[in-house]
Amino acid sequence: MYISREVEKTIDAMLTQGKVVLVTGARQVGKTTVLKHHLGSAFDYVTMEDPAAYAQAKTDAVLFFETRSLPLIIDEVQRAPELFSTVKWIVDQSDQRGRIVLTGSQTYHLMRGVSESLAGRIRIIEMPPLSLRELVGAADTPHKYVPSMRKIEDVTVPEGFDLWYHIHRGSMPELQDPSIDWDAFYTDYVRAYLERDVRDLIKVKDEAKFYGFMVACAARSAQLLSTTDIGNAIDVDHKTVKAWLSVLQASGIVRVVEPFFPNIEKRLTKAPKIFFMDTGLVCHLTRWTTPDQLRYGAVAGHVFETFVVSEILKSHMNAGANMHDIWFYRDSRKREIDLVIQDGRTLHPVEVKTGALVKRDAAKNFSCLEGLPDYEVGFGHVVCQAREPYLLTERVEAVPVWAI
């Protein structure tokens, strides 16, 4: 059964803004399914996985387009970069917008073609895995999460929905079919990622070592990123770790959240945090093989924070919002705020707690943002496992994860 996606309306909006729209994202997040379902009645479709279409695109890009009608969806376009210059020529013949939609899962190859050929003509959407809102049927419109007062009636907890089962199961569309074996799916997913994406992006002599790198990163999700620490764990130098991390980022597997400092230069020298976009993959790589093991295990807090942050990131991605508005805070006294959502010149603090009942001291570090020059502190949230929102202070509310 098709699950409606928040990104559909963002795709519609971008089709009115750019001559070309690029939908990218990690492997198997549902890019092709969404485009076929949402645009299939109006758009022709071709994939570069089709050997005949691929061969034609590689040898004669002009003929490739002459034998197809616009508007057109071209799937896995990074496999045929020869198409980019022809796409540029085609869209420059008309002022009409939204005639060509491109998709692909390797932003390294995609962005090189985009920057060289399609600058100023393209709108880019990064599509994440399924969000919690989408799974419970609340994906009517894209919803960029910014903390604000929540009403009890605005927060719907689906009857019988097991949150930890979902966190463990993961957010990939195929896994929403309960008949699909969880461990087998991720085993095949990682194998395909190593054999296709990683080999295409970098020349890895030892794929087992890159797999160990993925495990080391998964074990550190929601924690400060130390390339030296990861390098020591898998016996590679920190330069290799940085190069491999850029591959995980380009593939949509992880996102790096930078620390917030009013002084822009300081931001560049401080350690960021790493977050996986799919908690099911984290559990598979780190071998937490059942929901109960995870729920009561030592990493429950980090995985829950990974889940909450990924949901917030998904909300911004689905809405086509600026991902550079999401930060975390950590000062020289090691006072931390899990996330800081920037809305213009207003900073909204967000803390993540695993429990269902939190006290006001959960927000004690929010005051660190007060007095920053040129910024004001907005409403804050403590995201937890409560069933309904309640005020901790006049300007801070404890909210359930459903309120994201």
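Definitions and limits used
- Residues numbered from 1 in each chain as written.
- Predicted model: local features only at pLDDT ≥ 70, side-chain atom pairs only at ≥ 80, totals over all residues.
- Heavy atoms only, no water.
- Helix = DSSP H or I, 4+ residues; strand = E, 2+ residues; numbered from the N terminus.
- Rg over C-alpha atoms; globule rule 2.2 N^0.38 Å.
- Buried < 20%, exposed > 50% of the residue type's maximum accessible area, 1.4 Å probe, protein only.
- Lys, Arg positive; Asp, Glu negative; His and termini not counted.
- Salt bridge = Lys/Arg side-chain N within 4 Å of Asp/Glu carboxyl O.
- Polar contact = N/O pair within 3.5 Å; in protein donor to acceptor, adjacent residues only side chain to side chain.
- Contact = heavy atoms within 4.5 Å.
- Pairing = 2+ DSSP bridges.
- Axes fitted to C-alpha atoms, helices over the stretch in contact; angles between N-to-C directions.
- Expected span 1.5 Å × (residues − 1).
- Core = buried A, V, L, I, M, F, W, Y, C linked by side-chain atoms within 4.5 Å.
- Phe/Tyr/Trp six-rings, centres within 6.5 Å; stacked < 30°, edge-to-face > 60°.
- Lys NZ or Arg CZ within 6 Å of the ring centre and 35° of its normal.

### Regarding the overall build of the protein
Along the backbone of the protein there are 16 helices and 15 strands. In terms of overall dimensions, the protein is globule-like: its C-alpha atoms have a radius of gyration of 22 Å, near the 22 Å expected for 404 residues. Oriented by its inertia axes, the alpha-carbon framework of the protein measures out at about 65 × 50 × 45 Å. Taking all 404 residues of the protein together, 52% fall into the buried category.

### Considerations on the side chain of R150
With respect to the secondary-structure elements, R150 resides in the loop between α7 (132-135) and α8 (163-169). Although R150 is buried, it makes no salt bridge; E397 carries the closest opposite charge, 6.1 Å away. Of note is the side chain of R150, whose polar atom sits 2.5 Å from the side chain of S148. Every residue in contact with R150, bar those within four places of it in the chain, is listed here: H143, Y145, V155, H381, P389, E397, V399 and A403.

### Considering the sheet that holds strand β2 (residues 44-47)
The sheet built from 5 strands is open, its strands ordered β2-β3-β4-β1-β5 with parallel pairing. Among the strands making up the open sheet, the edge pair consists of β2 and β5 (122-126). The mean inter-strand angle of the sheet, taken between neighbouring strand axes irrespective of direction, is 15°. Two elements, β2 and strand β3 (residues 72-75), share 4 bridges in a ladder whose sense is parallel. Bridge pairing in β3 links V46 to I74. Packed on one face of the sheet, helix α2 (residues 31-39) meets β1 (20-24), β2, β3 and β4 (100-104) and runs near 160° to β4.

### Examining helix α16 (residues 300-318)
The terminal C-alpha atoms of α16, which comprises 19 residues, lie 26 Å apart, in line with the 27 Å expected from a rise of 1.5 Å per residue. For α16, the buried fraction is high: 17 of the 19 residues fall into the buried class. A positive phi of about 65° marks G320, the residue just after α16.

### Points about the side chain of S131
Examined against the element boundaries, S131 turns out to sit in the loop between β5 and α7. For S131, a relative accessible area of 2% puts it in the buried group. With residues up to four places along the chain from it excluded, the contact list for S131 reads E6, E311, K314 and N318.

### So, the nonpolar core
Counting residues in hydrophobic clusters, the biggest one holds 86 residues, and the most contacted among them are F210 and F213. Those residues in contact with F210 that lie beyond four places of it in its chain are Y193, L194, V198, I202, V204, W244, V247 and L248.

### Focus on the pairing of strand β14 (residues 390-393)
Of the strand pairs in this sheet, β14 and strand β15 (residues 396-400) are connected by 3 bridges, and their pairing is antiparallel. Pairing of Y390 across the sheet is with A398, part of β15. Two successive antiparallel strands, β14 and β15, enclose a turn made up of 2 residues.

### Observations regarding the packing of aromatic side chains
The full count for this structure, using the stated rule, is 12 aromatic pairs. Following the ring pairs from residue to residue traces out a cluster consisting of W182, F185, Y186 and Y189. Directly above the ring of Y45 sits K36, whose terminal nitrogen or CZ lies 4.3 Å from the centroid. R345 extends its terminal NZ or CZ atom over the ring of Y375, reaching a point 4.2 Å from the ring centre.

### Here we look at the pairing of β15
Counting buried residues along β15, 5 of its 5 residues qualify, which places the element largely inside the surrounding structure. Across 5 bridges, the pairing between strand β13 (residues 380-384) and β15 is parallel. Each bridged residue has a counterpart across the sheet, and for V382 the counterpart in β15 is A398.

### Details of the pattern of salt bridges
If you walk through the whole model with that rule in mind, you get 18 salt bridges. Among the salt bridges present, the one from R27 reaches D197, with a minimum N-O distance of 2.5 Å. One end of the pair, R27, is in the loop between β1 and α2; the other, D197, is in helix α9 (residues 182-201), and 170 residues separate them in sequence. For R27, a relative accessible area of 13% corresponds to the buried category. A salt bridge links R191 to D188; its shortest N-O distance comes to 2.7 Å. Placement of the pair is R191 and D188 together in helix α9, with a separation of 3 residues, close to one helical turn. With a relative accessible area of 40%, R191 lands in the partly exposed category.

Don't take any of this as a statement about function, it's just geometry.
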